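# Examining the three-dimensional arrangement
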Amino acid sequence: MMGRSSLEEPDAMPPPPPFLPLARAAGALVFAAPGEGRAGAPPQGGPPGRTAAPNPETIRTRHRAPNGAPLFVNRLIESASPYLRQHAHNPVDWRPWSEAAFAEARARGVMVFLSIGYASCHWCHVMEEESFDDEAVAGVLNRDFVPIKVDREEMPDLDAQYTAAAALFSGRAGWPNNLLIVPDGAWPAMAFSYLRKDMLMRALQAALQEWGRPERRKIILQQARQLGEAARDTALKRPAPAPLGPEVFDAAADGIARQADPLHGGFGQGEKFPNEVVSRFLLDSAARRPGRTPALDAATSLLKAILAGGVHDQIGGGFHRYAVDRDWRTPHFEKMLHTQALMIRSLLAAQALEPDPLWERAMKRTLAFVAREMTSPEGVFHSGLDADSRDSSGKMEEGAAYLWRPQEAEAALGSMPESEKRHVLSTLGLLTQPRLAGGVTPHLDPRARIDFPRLDPALDRLLAARRTRPAPFVDDKALIGWNGLMIRALAEYSLAMDSPAEAALADRAAQILWARGRNPDGSLARGLMNGRPFGLGTVEDYAHLGLGFVALHDAMRDSRILSAAETLGDMLWRGAFHPDHGLLAAPAPLGPHIDARDMGAPSGNAAAIELYALLARRTSKPENQKRAETLSRAISGSINHEAGAHTEAMTATRILHQGETGPMRALFQGRLTLWARRDGDLLKIDLEASPGWTWNDPPPALTGQGVGPVSTERHGLSARVRGPGLAVLNLQLCGEGRCLPTETAAFRLG
């Protein structure tokens, strides 16, 4: 059986960030025949079984012929998804999600057994090895159900609806998410996450007994429809629109900040997620107000706690998905692309407000990790790294690649003096009591001042030793939306840190996605696998790729990239705007799905608000402003009712009405670009107007408490400043025989 960590819970769904209710303060198995393998019939209604050269590191089955080839192969062998292909050699006759599978279930009068997971999910692998690779379980699933496997990352809207159904059914949700689905309407009748084999078999037998009784089947069908409609409606129903303004957003930021863990940072007392979307909202709020605020303290405390903890890969750089303990020491070891991108952006926001070598070091190491382990040879970005890998005995264990025993670390440090070895082991917490059977997760004392120039050479040695271990499986599909997040992070880093190399990396990925990430009808694909598009693009794909293109335009000043972002915005609106709900919707099994709540990444609708808001500030097309206002108004009641679940929408709405807070800002519909930077107590603002426009007649005014005499220069202005306070720039732009109305930009001085 697959080895376990000390965790006995399925892979968790990230809880919504802190809520602040402001309004209230079986068919035939398919076998390969590889020499001595078993013979069998090809699947009915699907592609024929296919035998590939066996790869023991990627084929997860114990059923093998003497030559090592897998005995079973099912329809998933033809899938683009690495996760689905991991299950292609189970004895369970898995189908991909399709109408043909449901037609078969209706014809046979059986329920669908739907199992949803993803490639880096530890408990998905445990359940596969214990149950789905077991012939007794397979016999029941193949005979009495139609089994369907889904990669949640390929079909996020489907996943969201059935995750909501699981939460309503059992009060909790996570992955693997297993459901019994009635064949008519795809309504969910029962849901459960990880179960041991014996518990799974009992659950299946009980369900079959109920399904086999006509009077009970009628009730099951009624209740399944009720559950499915309720799950669908959780994303469709929302409060009436409510007024939004700076005071609402600041109150939300302060309210969320008050819920922070004062001892260990972050939110909650058990499992802790990085909550990057929340931290960026808090930092955006802090950037708009002078002095120290609860929002600034909560965000920086959260980031410092993460950087010291085991959830931050102290040796290899980058971040694990979440921590399973309050003090951030023990991660759930999967590494996701969106986590890396969003953490870089949070650290950039912190660096802009409170420059610190700690933020800069973490960003550089994360970028190095992404380049080393999450970038394809052609330049797009992989989705994630598995939580599991093989330990020294060859068993699959969660975290095996990352855990250390003191003697292993001492050996890896080689010829270093013994006193230096002890210093390294002590600094990395490797002499503390292990919380997992495999060893200690390297972590730092958040209260200590770490001598990184002394530590980093040792980390290089430990990384070199770690790379000799079996590596975690890499889910190498390139999801469009997640790649958009990374393109944006790279471009923003390049602009803020004056480092052109990152913009070049972002541009390379953007060119590939723009050229190849389309379906034959021109629509955006969900992703690329082996350079080929697969799936249908979601709201988040269009919005996040568009935001990546906007950031890349800002870094490279290439109007063609901005035009591509506009094209994505137009395609998204035409294809997804739902007039009945005032938001962007996507088709899903239980009816339209609206992605409007932030979870592990910003919601699709919130990202779209920001896309249209940024486009409105960079182009003269009035529809971008109208689109952003429409979406913001539709989600405003949800913000007022449940602010913590909609922090990205609040950030986007502030950009729409109050402008940006970053070092580069667009004014006058893109006719003027502003770059602001601090050099000690000197605030320098560079201004660049489009041809035919001028910004210095009349001259701009920079005012505010703590702002000294202003010096106007050819390319901008500068002034000595001191905080706390805000400096407010008022300026007009004149050209083409007219002057545009005054616009303002505010800068936090401390």
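The structure this text deals with has already been given above.
Presented here is a report on the structure given in the accompanying data block. No experiment lies behind these values; they were computed from the predicted model shown. (Residues numbered from 1 in each chain as written. Predicted model: local features only at pLDDT ≥ 70, side-chain atom pairs only at ≥ 80, totals over all residues. Heavy atoms only, no water.)

Across its full length, the protein holds 22 helices and 30 strands. Relative to the compact-globule value of 27 Å for 750 residues, the protein shows a C-alpha radius of gyration of 27 Å, a close match. Dimensions of the protein along its principal axes, counting C-alpha atoms only, are 85 × 70 × 50 Å. A total accessible area of about 28400 Å² is found for the protein, and carbon and sulfur atoms account for 53% of it. Treating the 84 positive side-chain charges of the protein as one cloud and the 87 negative ones as another, the clouds have centres 1 Å apart. (Helix = DSSP H or I, 4+ residues; strand = E, 2+ residues; numbered from the N terminus. Rg over C-alpha atoms; globule rule 2.2 N^0.38 Å. Areas by Shrake-Rupley, 256 points an atom, 1.4 Å probe, with all protein chains shown as cover. Lys, Arg positive; Asp, Glu negative; His and termini not counted. Charge placed at Lys NZ, Arg CZ, Asp CG, Glu CD.)

This paragraph deals with the sheet that holds strand β24 (residues 701-703). A sheet is described by the order of its strands in space; here three strands give the open sequence β24-β27-β30, paired in antiparallel fashion. Of all the strands in the sheet, the pair left with one neighbour each is β24 and β30 (743-748). Strand-to-strand, the axes of this sheet are offset by a mean angle of 20 degrees, without reference to chain direction. Inspection of the sheet shows β24 paired to strand β27 (residues 726-731) by three bridges, in the antiparallel sense. The residue bridging Thr-703 from the neighbouring strand is Val-728, located in β27. (Pairing = 2+ DSSP bridges. Axes fitted to C-alpha atoms, helices over the stretch in contact; angles between N-to-C directions.)

What follows concerns the pairing of strand β21 (residues 672-679). For a regular strand, side-chain orientation follows a simple rule: the groups alternate between the two sheet faces. In this structure, strand β20 (residues 664-667) lies alongside β21, joined through four bridges in antiparallel fashion. Each bridged residue has a counterpart across the sheet, and for Ala-666 the counterpart in β21 is Thr-673. In this structure, β21 lies alongside strand β22 (residues 682-689), joined through eight bridges in antiparallel fashion. Counterpart to Thr-673 in the pairing with β22 is Glu-688. Here β21 folds back onto β22, and the loop between the two strands holds two residues, one of which, Gly-680, carries a positive phi near 65 degrees.

Here Glu-276 lies in helix α9 (residues 276-287). A relative accessible area of 5% places Glu-276 in the buried class. When the C-alpha atoms of Glu-276 and Leu-303 are compared, they prove to be 9.0 Å apart, with 27 residues separating the residues in sequence. Sequence-distant contacts of Glu-276, defined by excluding residues within four places in its chain, comprise Thr-339, Leu-342, Met-343, Ser-346 and Gly-600. (Buried < 20%, exposed > 50% of the residue type's maximum accessible area, 1.4 Å probe, protein only. Contact = heavy atoms within 4.5 Å.)

Contact pair helix α20 (residues 604-618) / helix α21 (residues 622-641): the axes reach a minimum separation of 8 Å and the direction vectors enclose 150 degrees. In terms of axis orientation, α20 runs roughly antiparallel to α21. The way α20 lies across α21 gives a crossing that is left-handed. In this structure, α20 contributes Asn-605, Ala-608, Ile-609, Tyr-612, Ala-613, Leu-615 and Ala-616 to the contact, and α21 contributes Asn-624, Gln-625, Arg-627, Ala-628, Leu-631, Ser-632 and Ile-635. Counted by class, the contact of α20 with α21 contains nine nonpolar, four polar and one charged residues. (Parallel < 35°, antiparallel > 145°, perpendicular 65-115°, else oblique. Left-handed = near helix turned anticlockwise from the far one by under 90°. Nonpolar A, V, L, I, M, F, W, Y, C, P; charged D, E, K, R; others polar.)

Here the focus is the state of the cysteines. Tallied over the full model, the rule gives two disulfides. Shown here is the disulfide that connects Cys-121 with Cys-124, its sulfur atoms set 2.3 Å apart. Residues Cys-121 and Cys-124 share a disulfide whose torsion about the S-S bond is about 80 degrees; that sign makes it right-handed. Using a relative accessible area of 0% as the deciding quantity, one classes Cys-121 as buried. Disulfide partner of Cys-734: Cys-739, at an S-S distance of 2.0 Å. Around the S-S axis, the bridge from Cys-734 to Cys-739 shows a dihedral of about 105 degrees and counts as right-handed. For Cys-734, a relative accessible area of 8% gives the class buried. Sequence-ordered numbering of the disulfide-bonded cysteines in the protein gives the connectivity 1-2, 3-4. (Disulfide = S-S within 2.5 Å.)

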